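The residues making up each chain are set out below.
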Amino acid sequence: MRCSVSELAAHLGGELVGPDVSVEGASTDSRTIRPGQLYVPIVAERDGHDFIPPALEAGAPAYLSARGPVGGTVIRVRDTAAALLSLGAFARDRVGGAVGITGSVGKTTTKDLLAGCLASTFRSVASEGSFNNELGLPLTLFNAPEAARWVVLEMGARREGDIKQLTEVARPDVGIVTRVAKAHVEYFGDLDGVARAKSELVAALPASGLAVLNFDDPRVRDMALLSACPVVGYAVATDAEVRADEVTLDGDLRARFRLSSPWGETEVRLALHGVHQVANALAAATVALWCGVPIESVAEALSVTPGASLRMEVRHVPGGPVLVVDCYNANPVSAEAAVRSLAALPGERKLAILGLMAELGAHRDSEHRRIALLADELGIAVVGYETGLYGGTSVTGVEEAVALLRTMGPGDAALLKGSRVARLEEVVSAYGKAEGAPPHTPSAVARPQGIAGN
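Criteria and cut-off values
Residues numbered from 1 in each chain as written. Predicted model: local features only at pLDDT ≥ 70, side-chain atom pairs only at ≥ 80, totals over all residues. Heavy atoms only, no water. Patch = residues over 30% accessible without salt bridge, like charges linked within 9 Å, V, L, I, M, F, W, Y side chains within 5 Å. Areas by Shrake-Rupley, 256 points an atom, 1.4 Å probe, with all protein chains shown as cover. Salt bridge = Lys/Arg side-chain N within 4 Å of Asp/Glu carboxyl O. Helix = DSSP H or I, 4+ residues; strand = E, 2+ residues; numbered from the N terminus. Buried < 20%, exposed > 50% of the residue type's maximum accessible area, 1.4 Å probe, protein only. Phe/Tyr/Trp six-rings, centres within 6.5 Å; stacked < 30°, edge-to-face > 60°. Lys NZ or Arg CZ within 6 Å of the ring centre and 35° of its normal. Pairing = 2+ DSSP bridges. Contact = heavy atoms within 4.5 Å. Axes fitted to C-alpha atoms, helices over the stretch in contact; angles between N-to-C directions. Core = buried A, V, L, I, M, F, W, Y, C linked by side-chain atoms within 4.5 Å. Polar contact = N/O pair within 3.5 Å; in protein donor to acceptor, adjacent residues only side chain to side chain. 1 Å grid on protein atoms, 1.4 Å probe; cavity = no way out; pocket = protein on both sides within 12 Å on 5 of 7 lines; lining within 4 Å. Points joined across faces, edges and corners; volume = space filled by probe spheres on them. pLDDT = per-residue confidence, 0-100.

On the surface, Val236, Val247, Leu249 and Val275 cluster together into a nonpolar patch covering about 250 Å² of accessible area. Among the structural elements, Val275 can be located in the loop between β16 (264-273) and α10 (277-291). Among the residues examined, Val275 registers a relative accessible area of 43% and is labelled partly exposed.

The following block contains the structure:
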């Protein structure tokens, strides 16, 4: 989005110092800023004001600041984070429609799937990665081209009121709520608190909009009572207007199903791995169909849209096991889905290396043990990665985890799953480098107690 800094200063009520220049988009990171972007310094663990000179050197024509000028063109404001939110609201007036997506799990995948579906018919843009907070959402809006018909926005929350704030900036026409689960429950207290936070999106939708709700989740289904606009439910296991029937999985956990909707029926084959992705695909399909994307184009987009890195990747290791990598984040619902996905794979030995599930508060111990018990029921050996919360065996550090994976060979399957704080991607990277010629000699390698043989 291109505009003059004088326009922005007038909108923000800030003081413009320096020549009036044009900017296109914005960034809060001086290391990745592109020439022409406005630099917005944020005060967090490090003070972004300290990086204004590097941002100018990298090609920023102007910057915001809550301090005095340090050269170039500056818009002086009281609070740069609040100003960034205001820039998001300014940009929202210049694009077509907005879709907000929230929920305890599935936000990013649903966002990526919907972006793929909409792109087949409309000029659209979506949040990068998991840009879902008070910084990422306004950046997505401000970096959107003015010709964008749809902007797809992920909305996260750590406390009640967060999503309400984001909706005031984004003013979504359409809202998707994927699921209410024990994610960030440390901040919300219980599932009802999580539901109240997520329902803020539904309550903010205009009468002309659409609420798309997961009817398989009773708490999400009940949010229909808060909606001023029409509601369309989607479901795999219960009745809804948009459904997935005849769901099957192939050998790499990719789902096939028949999509039934008010806009028609079609066969769908997902590029994503895991049966739990079917619900995310239904949510994306519902919005795309309502927006006017032909059902054939929806099916095609769902069949080619890849998953994000480190989210339910199924890797075939030469001479080694099938490796399920799902370590971008973790909560009890996503951990259960990952464990069940591992169980659905063929394999003589199945191993789950599980890191910490963070921010569970009083539910921490019981939820870790529940996942371990589920895995045991499914015939999966569990090893905790730098945590003893799962009970039984654990390993410490990358080298121990890699050594354990190297005891596995063809015909075996392993899962790596944990919250970001567990940094299990370091194990994935180290194992990939070590597996140029993986030694499959289990008898010569000591197995931690609890890891079953063939």
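The next thing to look at is the packing of aromatic side chains. Summed over the entire model, instances satisfying the criterion amount to 0 aromatic pairs. Above the face of the Trp150 ring, Arg149 is positioned so that its terminal group lies 4.3 Å from the ring centre. A cation sits over an aromatic face here: Arg420 above Tyr328, 5.2 Å from the ring centre.

Pairing is mixed in the open sheet, where 6 strands are placed in the order β17-β18-β22-β19-β20-β21. Each edge of the open sheet carries a strand with a single partner, namely β17 (313-316) and β21 (394-395). One ladder, built from 5 bridges, connects strand β18 (residues 322-326) with strand β22 (residues 413-417); its direction is parallel. Opposite Val322, over in β22, you have Ala413 as the bridge partner. Where helix α12 (residues 332-344) meets the sheet, it contacts β18, β19 (350-354) and β22, and its direction lies at approximately 170 degrees from that of β22.

Grouped together as the largest cluster of nonpolar side chains are 53 residues, with contacts concentrated most on Leu8 and Leu38. Those elements that place two or more of their residues in this core are α1 (5-12), β6 (62-65), α3 (80-92), α5 (136-142), β10 (150-154), α6 (162-170), α8 (191-203) and β12 (210-214). Top element by residues in this core is α3. It accounts for 6 residues. In contact with Leu8, not counting residues within four places along its chain, are Cys3, Val23, Leu38, Ile75, Leu87, Phe90 and Phe142. Listed in part, the 41 residues of the second largest apolar core include Leu114, Val278, Ala288 and Val298.

Next up on the list: the side chain of Asp412. Tracing the backbone shows Asp412 in the loop between α14 (398-405) and β22. In this structure the side chain of Asp412 is engaged in a polar contact, spanning 3.2 Å, whose partner is the backbone nitrogen of Arg349.

Quantified by volume, the second largest pocket comes out at close to 290 Å³. Ala26, Arg34, Glu128, Phe131 and Asn143 are the residues nearest the centre of the second largest pocket, which is lined by 15 residues in total.

Moving on, we get to the sheet that holds β10. Ordered by their spatial adjacency, 9 strands build an open sheet running β9-β10-β8-β11-β12-β13-β14-β15-β16, and the pairing between neighbours is mixed. The strands lining the two open edges of the sheet, one partner per strand, are β9 (124-126) and β16. Sheet twist, expressed as the mean angle between neighbouring strand axes with direction ignored, is 20 degrees. As judged from the 3 bridges shared by β9 and β10, these two strands associate in the parallel manner. Bridge assignment links Ser124 to a residue of β10, and that residue is Trp150.

Here the focus is the confidence of the model for the chain. Looking at the chain, pLDDT values average 92 and 94% of them are 70 or higher. Note on residues 436-454: pLDDT under 50 across the span, and 31 contacts to partners over four residues away in sequence or across chains.

By the element assignment, Asn214 lies in strand β12. Between the alpha carbons of Asn214 and Pro54 there is a distance of 46 Å; along the sequence they are 160 residues apart. Of the polar contacts made by the side chain of Asn214, one reaches the backbone nitrogen of Asp216; its length is 2.9 Å.

It is worth spelling out unusual backbone geometry at this point. Look at Arg171: it is not a glycine, yet its phi comes out positive at around 45 degrees. Examined against the element boundaries, Arg171 turns out to sit in the loop between α6 and β11 (174-177). A positive phi is found at Leu253, a non-glycine position, where the angle reads about 70 degrees. The exposure class of Leu253 is buried, given its relative accessible area of 1%.

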